[in-house]
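# Observations on the three-dimensional arrangement
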Amino acid sequence: MSDEEPRSALIEVRSATKVFAMGEVEVAALRGVDLRVGDGEFLVIVGPSGSGKSTLLNLLGGLDRPTQGSVVFQGHDLAKASDRELTLYRRREIGFVFQFFNLIPSLTALENVQVAVEVVADPLDPLEALTMVGLAERAGHFPSQLSGGEQQRVAIARALASNPRLLLCDEPTGALDSATGRQVLGLLWDLHARLKKTVVVITHNRAIAAIAPRVVELVDGRVTADRANASPAPPSEIVY
Amino acid sequence: MAMHRALARKLARDLWARKGSLLALALIAALGVGVFVGMLGVNRDMRSSRDRYYAEYRMADFTVDAKRIPASAIESAARVPNVRAAEGRVQMGVLIDLPGRREPLPGTALSQPEERRPVLNDIFLRSGAWFGGRDECIVNHAFAEANRLKPGDRIKVLLLDKQHDLLIVGTAMSPEFVYLLPPAGGFVPDPQSYGVLYLPERFLQESADLQGAYNQVVGLAHDNSKEALRAALPLLEARLESYGVVQSTPIHEQPSAWFLADELKQQETTARILPVIFLAVAALVLNVVMARLVTQQRTVVGTLKALGYSSAAVSRHFLAYGVVVGLLGGSCGIALGAWLEGAMLEMYRDYFELPGIRAGRHLDLLLWGLGISVGFAVAGTLKGVRNAARLAPADAMRPPPPEKGRRVLPERFPRLWARLPFAWKMALRAIFRNPFRSSVGVLAALISTSLIVYVLSMVDGMKFMTRHEFVDVAHQDVTVTLRDPRGTEALSEFAALPGAREAEPQLHVACDLTYGAARRRVGVQGLAKGSLLYTPLDRSGQPVAIPDAGLVLGQRLAEVLGVKAGDVLELRPLIGRRERVRAAVAEIVDTYIGLGAYAEIGYLSRLIGEERSANVLVARTYTREPSAAFIDELRERPGVVGVTRRSRSLERIQETFDQSLGVMVGILVVFAGSIAFGSVLNAALVALSERQRDVGTLRVLGYAPRQVTGIFAKESLALNALGVALGIVAGIGLAHVVSSAYNTDLYRLAVIVGPMRLVTAALLMAGFVVLAQAILHLEIRHLNWLDVLKVKE
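We now turn to the structure provided with this report.

Residues and elements named next belong to chain B. On inspection of all chains with the given rule, the structure shows 12 aromatic pairs over all chains. The rings of Tyr 179, Phe 259, Tyr 348 and Phe 352 are connected pair by pair, giving a single aromatic cluster. Taking NZ or CZ as reference, Lys 19 lies 4.6 Å from the ring centre of Trp 16, over its face. Over the aromatic face of Phe 712 sits the side chain of Arg 691, whose NZ or CZ is 4.8 Å from the ring centroid.

So, in structure tokens, the structure goes:
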């Protein structure tokens, strides 16, 4: 890492391309993306479907490696990391929140949080994590007994519980009605403000971008805009 | 079965996608079919070759032994009702002296006509020619081969205390000695140490002091069923009474025929039970796999129905999976069966002197094998097929309702539950929420384990029996058998042989014991009180105390006769004066030798009308192995008809164990392991297909593939641990059941299940489970878990 880089960079994507071989044709999902995410930032990446935003999130989260370019987390290039190193990276540094929650159906809310806790060194108390998302009293319920919003809050608690530096949220409101979606965004914002977590949300929904101090737009695998939002709207006020 | 083209293509691709799982199932079915086709094939091959052999060489239906039967009396024997033919012959115990063998070998001499003509118990000349003169003999083929004797060689044979130098003119086999057990004991033939010689009739009559007479009548019956012979033989005995009848033996009790029939019966039982177990497990596991397949293809089923495919067409489609697995298993099973048939016949050829056993073509067996395989496999698909047929198209197009969050049994113990890591909670919930699948898993593990435990316990049981018979009970180095009982003062003469340390007399008397209507022929062993060289033990390992008077009966014999200690029964010895006398039952002991009976040697001597006498001497020598000088001296003693070294008998049995038992154990363990492997693999693959999304989630959360496999393995571990524990109990039970089923008059197999064997069985099972989990691990490593997470189920 060179000396010119700002010290506050948590993770940086440099000229990353990603090409998928789909049978006999090659599809470029990312065509040279540069993105710097500062420590403690709240960032929304918006783009239509097929813009490559999920691919970008996968690179940030250590779920995949770029075809070219690098993804540097605290001085380590994830593009050159082994499977094992990526596994450890996800385990220690990243909390994921998915569109479809991805809770384990045979485990209760509390147990789903425990899953994340059991493989890390200094986790939060699972019940405390559930308390933070306001679901302490639903700890013993199975996913099938929870509403969509509740399930997503359990997923957020799970993402928090391993005490990660970076929270990556892939369409976190995509499977929820708008009222519930606002609550979930509010929760994410709150956690960012209170716990100083770095949060990256990707969405195709431009309305959501209004809550973020910084918005990155992605079209056809390229960053088309990267702008600061001087007056982010409170999540409870957005309409989508 | 008509099937739409597109569906046929779907079937082929679905099968291909699940090839590992279906192959594992086909393997289990193939083992079942292989055992069925192979063992029943062997059974038919041996049965038909036996029947042909018996018919062609006129195997006698009965034998009557007597002292001396004039040739003229044979005629009258043939006139007894149900007797079709009767012939006289001479049978005599001999000692054979072979160059290079330390001790003279026991043998049996039988008369054959000077000029070859068809007789009962005829012989099949394998090499050489018929007699041309007096001092000639034909030896049984296995004995000749084992001792490298061939026509043209000469052997020294002791006939009634006179040694003859006989020219071997031929080697032969006889239906009478298909399975020739040595007189020294044990369960296996020992052709190197025991032989049968055929001598010209007149020469043997003269040598046996039976000029113009015989000591055995062999005959054919019109009806040779057990009942008919049991009715006819007493009449025949009565007819020959005045010639000193010793005993009569129907073909069912003739040792070789008995053993062969027993073996055939066992083959048949095994060939019917094992395949059912294997095919049933395959069907149950297939049920689990098919139920999952239909759930997974729920929307496909809905779409097909929406497109206008009938429920019948959809059912046929899913039934076809079973048919394919069945056909695959069946045809592999047929190939396996052919191999098994060849391998088993090869093994049988080593022990059974049966000419012309070869693998026959049993088309009907092959069809049956294929048929039962398809039948079981189709039964295995029925549950899935029914689910598919019942799905209403509208329901089927919707995703299945989410997994119900229901508490399972172990959660009723909240304190314990709270302490469990989540992986165990997942495993336990999966187990309790899929009771059918879990039961199949436990059952398969139970069956595999019990088979392994049973096989190992059988080996230990046989080893124990051998040790019991040749080590714990017998302590002599050499056993000398005399033709007739002699006063025990003869003992001192043997005790003085070079190298002899001590010697003890025994009196072996075959007796008919009668109590009320029950009657049994048994060997009664007369032992000296305080005997040290031969100490019968009961089943708890305690020495059997020999009373001054009265008989000690084995448990089984007492049950057969219906007597208890204190009862007085009638005893008729088959040697000596053969007069009926009364003998009290002093004690009943629980021994391994089923129909054993013991008495004090002096008491038994008096029962046969003699002073204290002996016909067997057991001796210990200073060198443990009797010296050449010791044996040489014995050779010259008149009346000696057998010299057996204990170490030699033990070695021979050891050899057999090492040869054939190891192979059998290996095969059965692999068979049992295939059940465990196939079941565990399929259960794991089904669980993986249901919980792919969980795998993705765990991987995203930073779980390494090994850790994910570990979580899945817990379910398998729990089910198999239970299955193994139950299987150990079931295996011990099975060993006891089989042991009591074998509780024949011959012997009772000890049930020995050492803790190390249980550990071995558990370790073997752990190995099979680990193997299946290793395959699961590969699947998990290569699972495209990112894609799995992208779609909503």
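Another aspect to go through is the interface of chain B and chain A. The partner chain A presents 26 residues to the 31 residues of chain B that form the contact. Counting the surface chain B buries against chain A, the share from its top three residues, B:Phe422, B:Val700 and B:Leu701, is 21%. Run the count over chain B and chain A and you get two salt bridges. Residues A:Glu111 and B:Arg429 are paired through a salt bridge, measuring 2.6 Å at the closest nitrogen-oxygen approach. Our count for the contact surface shared by chain B and chain A stands at 10 residue pairs in polar contact (both at pLDDT 80 or more). Elements supplying a minimum of two residues to the side of chain B that touches chain A: helix H13 (422–433), helix H20 (692–700) and helix H23 (785–790) of chain B. Here the side of chain B that touches chain A gets six residues from one element, more than from any other, and that element is H20(B).

Residues and elements named next belong to chain B. For helix H8 (residues 298–306), the set of buried residues is Arg 298, Val 301, Gly 302, Leu 304 and Lys 305. Axial view of H8: buried residues confined to an arc of 165°, hence all on one face. Buried residues along H8 sit against helix H1 (5–17), helix H7 (255–296), helix H9 (311–351), helix H10 (363–390) and helix H11 (393–397).

All names here are of chain A. The mixed open sheet is built from six strands, whose spatial order is E6-E7-E8-E3-E9-E10. Unpaired on one side and paired on the other, strand E6 (94–97) and strand E10 (222–228) mark the two borders of the sheet. Strand-to-strand, the axes of this sheet are offset by a mean angle of 15°, without reference to chain direction. Note: strand E9 (residues 214–219) against E10, six bridges, orientation antiparallel. The residue bridging Val 219 from the neighbouring strand is Arg 222, located in E10. Helix H2 (residues 83–93) contacts E6 and strand E7 (166–170) of the sheet and is inclined by roughly 80° relative to E6. Of the strands in this sheet, strand E3 (42–46), E7 and strand E8 (198–203) are in contact with helix H6 (residues 178–195), which crosses E3 at around 145°.

Cut-offs and rules
Residues numbered from 1 in each chain as written. Chains lettered and ligands numbered in written order. Predicted model: local features only at pLDDT ≥ 70, side-chain atom pairs only at ≥ 80, totals over all residues. Heavy atoms only, no water. Phe/Tyr/Trp six-rings, centres within 6.5 Å; stacked < 30°, edge-to-face > 60°. Lys NZ or Arg CZ within 6 Å of the ring centre and 35° of its normal. Contact = heavy atoms within 4.5 Å. Buried area = accessible area lost by both parts, 1.4 Å probe. Salt bridge = Lys/Arg side-chain N within 4 Å of Asp/Glu carboxyl O. Polar contact = N/O pair within 3.5 Å; in protein donor to acceptor, adjacent residues only side chain to side chain. Helix = DSSP H or I, 4+ residues; strand = E, 2+ residues; numbered from the N terminus. Buried < 20%, exposed > 50% of the residue type's maximum accessible area, 1.4 Å probe, protein only. Arc of directions from axis to C-beta. Pairing = 2+ DSSP bridges. Axes fitted to C-alpha atoms, helices over the stretch in contact; angles between N-to-C directions.

Purely spatial values, then, with no claim about function.
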